Amino acid sequence: MSAPAVQFDPSSARFGSSRTQKRLEDDRLLAGNGLYSDDRNLPNQAWMVVVRSPYAHARTASVNADAARTATGVLAVWTSGDLSADGVGHIPIPPLFKRADGSPMAAPLRTLLADGTALYVGHPVAAIVAQTQVQAQDAAELLEIDYEELPCVIDPRKAILPGAPQVSAQAAGNISAEQRYGDAAAVTAAFAQAAHVTRLELHNQRLIATALEPRCALAQFEAGRWTLYTQTQQPTGTRDALAAVFNTPPQQFRVVVGDIGGGFGMKTGLYPEDALACYAARKLGRPVKWRADRSEEFLATHMGRDQHFKAELALDPKGRILALRMEGLANFGSVPVGSSAIIPLVLGPKVQTTVYHVPVIDYRVRGALTHTMATGAYRGAGRPEGNYLMERLIEKAAHEMKIDSVELRRRNLIQPGQFPYRTHLGETYDAGEFERMLDGALAAADWNGFAARREEAKRRGKLRGRGLAVYIEWTGALPTETVDIRVDADGTVTVFSGTQAMGQGLETSYVQLITEVLQIPAGKVKIVQGDTDQANGTGSVGSRSAFVGGSAIVAAGRETIARGTELAAQALESAATDIEYLNGRFRIAGTDRSIGLAELAARQAGRQIRVTATETPSSPSWPNGAQVCELEIDPETGEIELVNVTSFDDIGRIINHMIVEGQIHGGIAQGVGQALYEQAIYDAESGQLLTGSLMDYCVPRADQFPQMATHFDESVPCRTNLLGVKGCGEIGTIGAVPAVVHAVLDALSPYGVAHIEMPITAEKVWRIVAG
Amino acid sequence: MNAVVEARRNVRVTLRVNGEQTEVLFAPYKTLLEVLREEMNLTGTKHGCELGECGACAVLLDGVPVLSCLVLAIECEGRSIETVEGLARGSELHPLQAAFADLGGTQCGYCTPGILMTAKALLDKEPDPGRERIREAISGNLCRCTGYLQIYESIEEGARRMREEAK
């Protein structure tokens, strides 16, 4: 195994000088001048509402739209037949997966409106457009839909049993896709040698991203071309999916994205409502706007996680891991989205053996269809699931084998001398100092001083617990981005990137990068994102923006200097090799003859210099770290008070400390949410979403939140991209989930509990304590 | 039918928003949130849930934080309404806004206007609140991005700057 090609350039190290540049976004966001999609309106716009199925599984026997159509202000009422009659297709998903028999992944097509059968509560059934939103809402009340309710299945473990209600005729037994990894025979042999086997079954529960900004779409059709204002992490992907739905070239669409009020993976790809707004705009010849109310956000925005696992870990007498055998069952929902399958079938497995040396693995994972909303990307997307399972296994093994859990982790960590390290699943880790992160977290959290704190808590009648997790993240998906740079005659440098800011301060980080390369003031730089007429790329998913997008920006900056050097040589009548670049000026070395970037641009045709650079880091990156959580339980009520969460992470080099810290904090917050508070619950019989509001689905509030201390080790730069960055958007979530759960289990150790399913609510704790 | 038509006839109401008296024409069923955003183009105040659960639409009514999605605009005649647009003094950020910028108190910015207004109401009454009071005060404002820590720190720093100014 050869090492990945080293692309990391040590001269880029100054990007990582941990500067904290105030965010350039903040002047507008703090003043209320952000431009989110709902802040836009167009003259003469009409409003669309979407009528949704109240049943989890029902045939729409008939639709009587007479009253709705004639209601005040109503412009149109459409059901799926109207769309097909106009040749509107479905939203495609990548055909990457197969079933066990080799046939392609099976699932209902993602049509814009339910095609005769509603397959989850909230499934769009009809669209109504009126002059005003209120008129459309009133008309929706007048729409008579005759539903024939059919039996539904919610739990994927029941969905795959014989006789279960079927979601799709194509997916026999409700199995949509399946993937196997590893070496079953080698694992069986290893288990035969095991001194100890730890077994665990767990559910990584269904979550709802709940970005504060509800989805909104405003579409316009003019001169044969659409403009869609929406919020998406992937403007180009959204444009291309629209082109597929309407069977037109992508250039027929311009997707424009302004500020985004949180994405977390949920604002990826195209949603049916975006396409419906486009359909309506063309059909009616006027702009059409739609905005989800919070209830629609809960019902019909793709959810996260919902994976069941059964796993067995084989260990030798010293606690060294011999093999891992596991089976995953993912709930895809009824109508999978683009990220439904890839998360459990590919992304989770990528990190499954995490930071440990696991010689062999036998991994089978299936995706099941149920009458629920689709699951898809949500912060971490597969990596929290994989890491949580591994950490729970090792913690449980330590207890069963009566080996200190820190010590058991040490015995199994991949050691620095083992890099590049190839996992049994075929992934190559380029570098890592896993034990140093572990030691860093333990020291920062005063792990060894815990006994005194536990005693002190006990005197106050509280049960104090500490929890540890070590983990690895995988970033750098879809590793190509192209960046254009335009230098104008006034010296403005405009950077066009197809990645997409959604609150993570990308504009600021990118400006920092380009000002470093071009040695010009930040005020001269403009970053353009979120407009497919100006910039295209994969977008911002999987913590890839700095890693891939940032690298492409640096490459484009260097290309600007290279091109400028040629042009300066012509202008100064010198050889390009004699030209040096410093602080925005090209100079003939050793002379006082020079020309500025702006002046040089002014001399060119069109009074500008344009360059393009494409950057493809040679392999993904592996951020990693350790987290410690301490908390206290009130045995009277079962209530958990988080005391603190300490993280110690290797995310490579850091571009902006304040931004990165905020990313880790926010990641931890969503991990804590999963561990203690959040779960999307459908009623098993009726398929109704029981957690359909913020009063039922518990997003952590300020008074539930602990102190967080973040620490970083920047001494292991990623070697496969220009910046040495690894990605920081999701690692906080990955670490917090097991760290918090382990802290609860530790606090409850007097009660002898081996496992508690998340979310570990006060009620669950109280039941354990009350016996 | 007549009742419906009647209910939708626009009313003319004088509102005092960010210190300025304005006459606004709107349908009487409209919430303060809708009137601010749709009739006055003050889009800094955000739609989050329209059910009083998230705090994104918080504004101050006579100095007290309210969820503007639950307040009928027609009830606000003659009362003082403060929104995020009124915080800055010209091009200079309010000390609370400046502290948010310095300490990372905002990420996506969607919850920020509501949190700024709620925090301002707290600091106007209690110039030096402890962390616990701050946590309590903004516990009705959901933030999905920050984990709240940088928000607490920003409010504490904003409070300090406001006290400095008051000296």
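Residue numbers run consecutively from 1 along every chain, following the written order of its sequence. Chain letters and ligand numbers both follow the written order, the letters beginning at A and the numbers at 1. Since the coordinates come from a predicted model, pLDDT governs what is reported: local features require at least 70, and pairs of side-chain atoms require 80 or more to be given and counted, while whole-chain, interface and lining totals use all residues. Excluding hydrogens and water, the side-chain values take into account all heavy atoms of the structure.

**A short note on the packing of aromatic side chains**
Residues and elements named next belong to chain A.
Part 1: Note on ring pairs: Phe, Tyr and Trp rings are taken, using the six-membered ring of Trp, and paired if centres are within 6.5 Å. Classes follow the plane angle, with under 30 degrees stacked, over 60 edge-to-face and the rest tilted. According to the stated counting rule, one finds 15 aromatic pairs over all chains in the structure shown.
Part 2: Where F419 meets F434, the ring centres are 5.6 Å apart and the plane angle is 80°; that geometry is what we call edge-to-face. In this pair, F419 is assigned in the loop between α12 (405–412) and β18 (421–422) and F434 in helix α13 (residues 434–444), connecting sequence segments 15 residues apart.
Part 3: Residue classification places F434 among the buried positions, given a relative accessible area of 4%.
Part 4: A ring pair is formed by Y581 and F586, whose centres lie 4.8 Å apart and whose planes are at 55°; its orientation type is tilted. Of the two residues examined, Y581 and F586, each falls in the buried class.
Part 5: In this scheme, the term charge over a ring applies when either NZ of a lysine or CZ of an arginine sits within 6 Å of the ring centre and within 35 degrees of the ring normal. We note R110 situated over the ring of Y271; from NZ or CZ to the ring centre the distance is 5.6 Å. Secondary structure elements are defined from DSSP: runs of H or I of at least 4 residues count as helices, runs of E of at least 2 residues count as strands, and each element is numbered from the N terminus. Exposure classes here rest on a 1.4 Å probe applied to the protein chains alone. A residue is buried below 20% of its type maximum, exposed above 50%, and partly exposed in between.

**Things to note about the domain arrangement of chain B**
When the parts of a complex come together, some accessible area is lost, and that lost area is often used as the size of the interface.
All names here are of chain B.
Part 1: Either an automatic procedure or a domain database provided the assignment from which the domain bounds are taken. In terms of domains, chain B is made up of domain 1 (2–86) and domain 2 (95–166).
Part 2: For domain 1 versus domain 2, the separation of C-alpha centres amounts to 23 Å.
Part 3: Between domain 1 and domain 2 the total buried area reaches about 1,100 Å² when both faces are included, carbon and sulfur atoms providing 63% of it.
Part 4: Take a side-chain nitrogen of Lys or Arg and a carboxyl oxygen of Asp or Glu: if they are within 4 Å of each other, that pair is a salt bridge. Inspection of the domain 1/domain 2 interface yields 1 salt bridge.
Part 5: As a salt-bridge pair, K120 and E82 come within 2.9 Å of each other at their nearest N and O atoms.
Part 6: Counted as a polar contact is a pair of N or O atoms within 3.5 Å, where, for protein atoms, one must be capable of donating a hydrogen and the other of accepting one, and residues adjacent in sequence contribute only when both atoms are in side chains. In this structure, the connection of domain 1 to domain 2 is made through 4 residue pairs in polar contact (both at pLDDT 80 or more).
Part 7: Broken down by element, the residue count for the side of domain 1 that touches domain 2 peaks at 3 residues, all from strand β3 (residues 58–61). Simply put, the buried area is the total loss of 1.4 Å probe accessible area from both parts when two parts are fitted together.

**Looking at the nonpolar core**
Part 1: Here, the term nonpolar core denotes a set of buried Ala, Val, Leu, Ile, Met, Phe, Trp, Tyr and Cys residues that are joined through side-chain atoms within 4.5 Å. In terms of nonpolar packing, the biggest core is built from 170 residues, with L324(A), Y356(A), L631(A), I633(A), L676(A), V744(A) and I155(B) touching the most fellow members.
Part 2: For this core, the element with the highest residue contribution is helix α19 (residues 731–747) of chain A, accounting for 11 residues.
Part 3: V495(A), L513(A), I553(A) and I609(A) belong to the second-largest nonpolar core, a separate cluster that totals 44 residues.

**A look at empty space enclosed by the protein**
Residues and elements named next belong to chain A.
Part 1: Cavities and pockets are found on a 1 Å grid laid over the protein atoms alone: a cavity is a set of points where a 1.4 Å probe fits but cannot escape, a pocket is an open set with protein on both sides within 12 Å along at least five of seven lines, and a lining residue has an atom within 4 Å of such a point. Grid points are joined across faces, edges and corners, and a volume is the space filled by probe spheres set on the points. Under the definition given, this model contains 11 cavities of 30 Å³ or more.
Part 2: Reported here for the largest cavity is a volume of approximately 120 Å³.
Part 3: Elements represented by at least two residues in the lining of the largest cavity include exactly β5 (110–111) and α8 (272–284).
Part 4: For this classification, Asp, Glu, Lys and Arg are treated as charged, while Ala, Val, Leu, Ile, Met, Phe, Trp, Tyr, Cys and Pro are nonpolar and the rest, including Gly, are polar. Split by residue class, the lining of the largest cavity holds 10 nonpolar, 2 polar and 3 charged.
Part 5: The residue makeup of the lining of the largest cavity includes at least three contributed by each of domain 1 (40–150 + 215–291) and domain 2 (304–476 + 620–770).

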